[in-house]
Amino acid sequence: MNNSSTGSSSKSKAGSSSQPSETSFKRKRGLFQKDLQHMMYGFGDDPNPLPETVALVEDIVVEYVTDMAHKAQEIGSKRGKLSVEDFLFLIRKDPPKLNRCTELLSMQEELKQARKAFEVDEEKLASTE
Amino acid sequence: MSRYESFRRPALQKTNMKKLLVSTGSQKIYSPMTIVVCGIAKMFVGELVETARFVMKERKESGPTRPCHSREAYRRLKLEGKVPKRSVTKALSVDGTQAHIW
């Protein structure tokens with residue numbers, strides 16, 4: 001029995017990936033609720049947003065991410081596997097998002113380099129002792 | 001200041017996002033991908049809330065955002081083309097070809 005995404009929620013393990021329909025899948029309601037409330041305040045809403053609004057925004061976001069993932073999958077299937085470039089291609093027409101993503105990716109690289117340098121330093125210390 | 005904090009600090013949880021991505025049927029989800037999708041989703045929430053507040057201003061209403069404002073905001077974002085439309089695999093056209101809309 002498939003529930004509509006805006007209908008009643010069913011609490012089941014999100015690991016159950018054997019859902020035939022792509023429009024609905026079993027997930028816990030309130031997956032992002034706590035974070036969403038703070039986020040909505042940060043973006044201009046009331047300090048205490050209405051729970052119905054938070055639920056609706058969560059549904060919209062889940063639908064958005066799912067659609068993006070499917071589209072990226074379609075693009076990536078031509079190459080064989082899904083990659084970050086597929087998502088970047090999808091948002092190419094949206095400069096703010098594109099810039100934010102490139103910024104996130106470059107920050108990730110920097111953090112990786114920093115961690116690597118940190119490990120190398122530790123090894124040097126260990127060898128000199 | 002607290003609003004700025006609320007703008008910078010929250011992020012959609014990577015673990016939950018990963019579960020969501022996996023449930024869409026993709027085989028392998030790498031962690032950079034999850035981070036990118038979380039960033040995109042957060043910005044999308046921002047666009048939604050901003051547009052909803054704009055709608056409220058137009059209608060001269062105040063207070064917390066109501067679902068009707070969010071729905072109107074979502075409709076406007078769709079018109080602007082910021083929301084991916086589903087490819088019409090379920091609704092085939094008359095001659096049986098599939099139409100992809102973007």
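Criteria and cut-off values
Residues numbered from 1 in each chain as written. Chains lettered and ligands numbered in written order. Predicted model: local features only at pLDDT ≥ 70, side-chain atom pairs only at ≥ 80, totals over all residues. Heavy atoms only, no water. pLDDT = per-residue confidence, 0-100. Contact = heavy atoms within 4.5 Å. Patch = residues over 30% accessible without salt bridge, like charges linked within 9 Å, V, L, I, M, F, W, Y side chains within 5 Å. Areas by Shrake-Rupley, 256 points an atom, 1.4 Å probe, with all protein chains shown as cover. Salt bridge = Lys/Arg side-chain N within 4 Å of Asp/Glu carboxyl O. Helix = DSSP H or I, 4+ residues; strand = E, 2+ residues; numbered from the N terminus. Buried area = accessible area lost by both parts, 1.4 Å probe. Nonpolar A, V, L, I, M, F, W, Y, C, P; charged D, E, K, R; others polar. Expected span 1.5 Å × (residues − 1). Buried < 20%, exposed > 50% of the residue type's maximum accessible area, 1.4 Å probe, protein only. Domains from an automatic or database assignment. Polar contact = N/O pair within 3.5 Å; in protein donor to acceptor, adjacent residues only side chain to side chain.

Draft legend 1. Representation of the confidence of the model for chain A. Averaged over every residue, the pLDDT of chain A is 75; the share at 70 or more is 76%. Across residues 1–24 of chain A, where pLDDT falls below 50, the model places 33 contacts with residues more than four positions away in sequence or in other chains.

Draft legend 2. Representation of a nonpolar patch on the surface in the model. A grouping of B:Met1, B:Tyr4 and B:Phe7 is seen on the molecular surface, where their side chains present a nonpolar patch of about 360 Å² in accessible area. In this fold, B:Tyr4 is placed in helix H1 (residues 2–8).

Draft legend 3. Broad picture of the interface of chain B and chain A. Counting residues at the interface gives 57 residues for chain B and 54 residues for chain A. When chain B packs against chain A, the two sides together hide about 5,400 Å² of surface, and 69% of this comes from carbon and sulfur. Put simply, chain B and chain A have two salt bridges between them. The shortest N-O distance in the salt bridge between A:Lys97 and B:Glu47 comes to 3.2 Å. Among the elements of the structure, H1, helix H2 (14–23), helix H3 (31–58) and helix H4 (67–80) of chain B are those that each provide at least two residues to the side of chain B that touches chain A. Class assignment for the residues of the side of chain B that touches chain A results in 27 nonpolar, 18 polar and 12 charged.

Draft legend 4. Broad picture of H4(B). The terminal C-alpha atoms of H4(B) lie 20 Å apart, and with 14 residues this matches the ideal 20 Å at 1.5 Å per residue to within 8%. Listed as buried for H4(B) are B:Pro67, B:His69, B:Ser70, B:Glu72, B:Ala73, B:Tyr74 and B:Leu77. Taken together, the buried residues of H4(B) touch helix H2 (51–77) of chain A together with H3 of chain B.

Draft legend 5. Broad picture of the domain arrangement of chain A. All names here are of chain A. One can read the domain layout of chain A as domain 1 (29–91) and domain 2 (93–128). For domain 1 versus domain 2, the distance between C-alpha centres works out to 25 Å. Counting from both sides, the interface comprises four residues of domain 1 and, opposite them, six residues of domain 2. Buried surface at the junction of domain 1 and domain 2, summed over both partners, amounts to about 450 Å²; 73% is from carbon and sulfur atoms. Broken down residue by residue, the surface that domain 1 buries against domain 2 is led by Tyr64, Leu88 and Ile91, which jointly contribute 88%. Inspection of the domain 1/domain 2 interface yields zero salt bridges. Where domain 1 meets domain 2, there are zero residue pairs in polar contact (both at pLDDT 80 or more). Looking at the side of domain 1 that touches domain 2, its residues break down into four nonpolar, no polar and no charged.

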